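Architecture at a glance
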Amino acid sequence: SKFTLAPVEEDKNTAEGGAAAEAAIISAYPQLVATVHLNSESGIGAATAVKEAGKQGKIFVYAGENDYAFALKVKSGDIAGFFGPRRELHTYYGLQALYDFNHPPFVVDGLDKWTAPPIPAFMDVGAIFVDESNIDSWLSQQPAPSPSAS
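Criteria and cut-off values
- Within any chain, residue numbers begin from 1 and follow the written order of that chain's sequence.
- Predicted model: local features are reported for residues with pLDDT of at least 70 only, side-chain atom pairs are reported and counted for 80 or more only, and whole-chain, interface and lining totals are derived from all residues.
- Each side-chain value is derived from all of the structure's non-hydrogen atoms; neither hydrogens nor water enter the calculation.
- The rule is short: rings of Phe, Tyr and Trp, with Trp giving its six-membered ring, pair when the centres are within 6.5 Å, and they are stacked under 30 degrees, edge-to-face over 60, tilted in between.
- Where helices and strands are cited, they refer to DSSP runs of H or I of at least four residues and of E of at least two residues respectively, numbered from the N terminus.
- Throughout, exposure labels follow a simple rule: accessible area from a 1.4 Å probe, protein chains only, divided by the maximum for the residue type, with under 20% read as buried, over 50% as exposed, and the rest as partly exposed.
- The criterion is simple. A nonpolar core is a set of buried Ala, Val, Leu, Ile, Met, Phe, Trp, Tyr and Cys residues joined through side-chain atoms within 4.5 Å.
- The contact definition used throughout considers only heavy atoms, calling two residues in contact when any of these lie within 4.5 Å.
- Only residues whose relative accessible area exceeds 30% and that form no salt bridge enter a patch; like-charged residues are grouped when within 9 Å of one another, and nonpolar side chains (Val, Leu, Ile, Met, Phe, Trp, Tyr) when within 5 Å.
- Computed with a 1.4 Å probe, the accessible areas rest on the Shrake-Rupley method; for each residue, only the protein chains presented here act as cover.
- We define a salt bridge as a contact between a side-chain nitrogen of Lys or Arg and a carboxyl oxygen of Asp or Glu at a distance within 4 Å.
- Directions are taken from the helix axis to each C-beta atom, and the arc is the one they span.

1. A short note on the packing of aromatic side chains
Tallied over the entire structure, the rule returns 5 aromatic pairs. Here the aromatic rings of F70 and F82 are separated by 6.0 Å at their centres, their planes lie at 85°, and the arrangement is edge-to-face. You can see F70 sitting in helix α3 (residues 68-76) and its partner F82 sitting in strand β3 (residues 81-85), a full 12 residues away along the chain. Residue class for F82 comes out buried when judged on its relative accessible area of 0%.

What follows is the structure, encoded as structure tokens:
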């Protein structure tokens, strides 16, 4: 099968912008099957536009996010899936890098930590992709949300 990539639409990284951009894409591409949003807010707006167009189950919305509340939107069918970095490693590696920067495990004569930082310039924390095939497993591995978060 052949797919055509639609042009990028400006969604302003907001739910309102995502809804407007998705509505424009739906109108311009009647055979649309899926859209990808690189942030969570525009993905939520896009899902609303799909529902308002009566195309839920025909157009699949994917968005960048990975928290518990957002995952429930996959479980309910509001969005098809989400993707993002493994957040738990952001915190771990970030704290480790701060510690290593302030307590270098080694020192090279003539170079200070500002000239030759003792930490990597980039750390790959890995990625996740969650959809209906693995949502139950992903949810079961998350800590229970606090009552104030609901």
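There's more to say after this.
2. Thoughts on the nonpolar core
Among the nonpolar cores identified, the biggest contains 19 residues, and A71, I79, F82, V130, I135 and W138 are the most heavily contacted of them. Not counting chain neighbours up to four residues away, the residues in contact with V130 comprise A80, G81, F82, I135 and W138.

3. Here's the deal with a nonpolar patch on the surface
A contiguous nonpolar surface patch, about 270 Å² in accessible area, is contributed by Y92, Y93 and M123. Residue position: Y92 is located in helix α4 (residues 87-102).

4. Observations regarding α3
Every buried residue of α3 is listed here: F70, A71 and V74. The arc that holds every buried residue of α3, seen down its axis, measures 105°, which confines them to one face. Positive backbone phi, approximately 90°, marks G77, located one or two places after α3.

So far we have only geometry, and geometry alone does not tell us how the molecule works.
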